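Now for the letters of each chain:
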Amino acid sequence: IKLQSILFIGLLLFVSSSCKQQVNQQSEKTEHQVFPHKMPTEKPDFPMSSAIERMFDYSTPRVQDNELYSLFKYTQLEGLDYNNHDGTISRRDPSRPIFVNGKYYMWYTKRQTKVPPIGAKRAAEATDEIPSTDWDLCDLWYATSEDGFTWDEQGIAVARPAKPALGWRSIATPDILVWKGKYYLYFQAFNEPSGTKGDWCPISMAYADSPDGPWTHVGKTVVPFGKKGEWDQDQTQDPHPIVYKGKIYLYYKAAYNKWPDLRDKYAVAHGLAIADDPFGPFKKHPLNPVLNSGHETTYFPFKEGIAALVIKDGNERETMQYAEDGVNFKIASSVSLTPTATGFYTPDAFTNTNYGRGVSWGLCHFINAGKYGVNQHSIIARVDCDLSLDCNEPSL
Ligand code: AAL
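Here's what I pulled together on the structure shown here.

Conventions adopted
- Residue positions are given per chain, counting from 1 as you read along its sequence in written order.
- Where totals are concerned, whole chains, interfaces and linings use all residues; where local detail is concerned, this predicted model gives features only for residues with pLDDT of at least 70, and gives and counts side-chain atom pairs only at 80 or more.
- Note: side-chain values were computed over all heavy atoms of the structure, leaving out hydrogens and water.
- Working definition: helices are DSSP H or I runs of at least four residues, strands are E runs of at least two. Numbering for both runs from the N terminus.
- Each residue is assigned to one of three classes by its accessible area relative to the maximum for its type, calculated with a 1.4 Å probe on protein chains only: buried under 20%, partly exposed between the two thresholds, exposed over 50%.
- At least two DSSP bridges between two strands are needed for those strands to be called paired.
- Whenever a carboxyl oxygen of Asp or Glu lies within 4 Å of a side-chain nitrogen of Lys or Arg, that contact is scored as a salt bridge.

1. Concerning the environment of G280
Next up, step 1: Take G280: it is sitting in the loop between β13 (267–275) and β14 (283–284).
Next up, step 2: Through-space distance from the C-alpha of G280 to that of V222 is 6.5 Å; in sequence the pair is 58 residues apart.

Right under this line is the structure:
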């Protein structure tokens, strides 16, 4: 019995000490595991700070290796006249350029008025000759270029119609769709000076057999406002179409949480409207809005999904985002000195590609303005970047 109890106690002591050792080893591991000097290729399984943990959500820890990171280089366009920048001529919100029959084409908002804008706050004083904002009393113009740097202005593509047709006050902010060999311009159509009750306007459309026109304006809304109480109840703006998954994916923007009851909590978001035909109907995605930030829309096919450049406005301003399904966007990189209102030259925007190649240049605008847009006018510039899988150059 004595020998048996001695053996039993010995066994107990052995088991308890080896357990203690294991516990010590484990706590040593968690307490003393320090982030290594050599970057782990996979997320380590020891506790990390939130910032280091989320680093593994990015495609690469080194931003220079991130395919959706770029610097941006700007070049003033040659060939366009600005009346000595006195504010009476303005060109802004360019479409993405497309390449047809050996030439690049772009469409844009052009204002040519006797006086510069008086600003959104004085919209009530706007007349048929006095613009409220930079994009009031505008038409859609187009220009062509052989190299993307020197542009020849060709004239008006779509003129604003006579009152009271939709867009009689101003038509602005166009973007292009090429679908089954025909051309479609989507744009904002204003029936009142911008600023009267916010920046009220729905999206309308014009179509043509050739990029040189003639264009036929459908004269009605193609992407309507949301119902009263919905985020996009007052506007659908900045249409940006892409052919994706065999359909027309049209991204748009609306400012919400504002006019007329609230004026100081302004927010913007982007929605997605999908159609089988350029004339619609455009069905809004049930998960709208799909982006929580960004003043204008800039999207392009990238690998299996869609990439977006998000600029001013919102917590996620100045980011590149990516959605594998074109709907659920995540931040891919943070970018600086971002181009405003950009349309990137995107050779595969309308080819229904299943592996987008990205972009390396486009057109954007720069604004020159006083407070609240008084005397505002804008110029279109070229932007170069390396958001392309085919770019051989390192980050600019
Ligand atoms: C732009 C765009 C829309 C707005 C105004 C003209 O940058 O967001 O087009 O209505 O500003």
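2. Comments concerning the pairing of strand β8 (residues 182–190)
Next up, step 1: Of all the nine residues making up β8, eight are buried; the element is thus mostly covered by neighbouring parts of the structure.
Next up, step 2: Linkage of strand β7 (residues 170–179) to β8, two consecutive antiparallel strands, is achieved through a turn of two residues, within which K180 is found at a positive phi near 50°.

3. A few points about the pattern of salt bridges
Next up, step 1: Counted according to the given criterion, the structure contains 22 salt bridges.
Next up, step 2: Between E230 and K227 there is a salt bridge, with the nearest N and O atoms lying 3.8 Å from each other.
Next up, step 3: For K227, a relative accessible area of 60% gives the class exposed.
Next up, step 4: Note that K253 and D238 form a salt bridge whose closest N and O atoms lie 3.6 Å from each other. One end of the pair, K253, is in strand β12 (residues 247–256); the other, D238, is in strand β11 (residues 237–244), and 15 residues separate them in sequence. For the pair K253 and D238, a shared accessibility class is recorded, and that class is buried.

4. With respect to unusual backbone geometry
Next up, step 1: Here the bond from G213 into P214 is cis, since omega is 0°, no more than 30 degrees from zero.
Next up, step 2: Secondary-structure assignment places P214 in the loop between β9 (203–208) and β10 (216–217).
Next up, step 3: Cis rather than trans, the peptide bond between N288 and P289 has omega equal to -5°.
Next up, step 4: Note that P289 resides in the loop between β14 and β15 (299–303).
Next up, step 5: The backbone phi angle of L137 is positive, close to 60°, even though this residue is not glycine.
Next up, step 6: Here L137 lies in the loop between β4 (103–112) and β5 (138–145).
Next up, step 7: Backbone geometry places K245, a non-glycine residue, at a positive phi of 55°.

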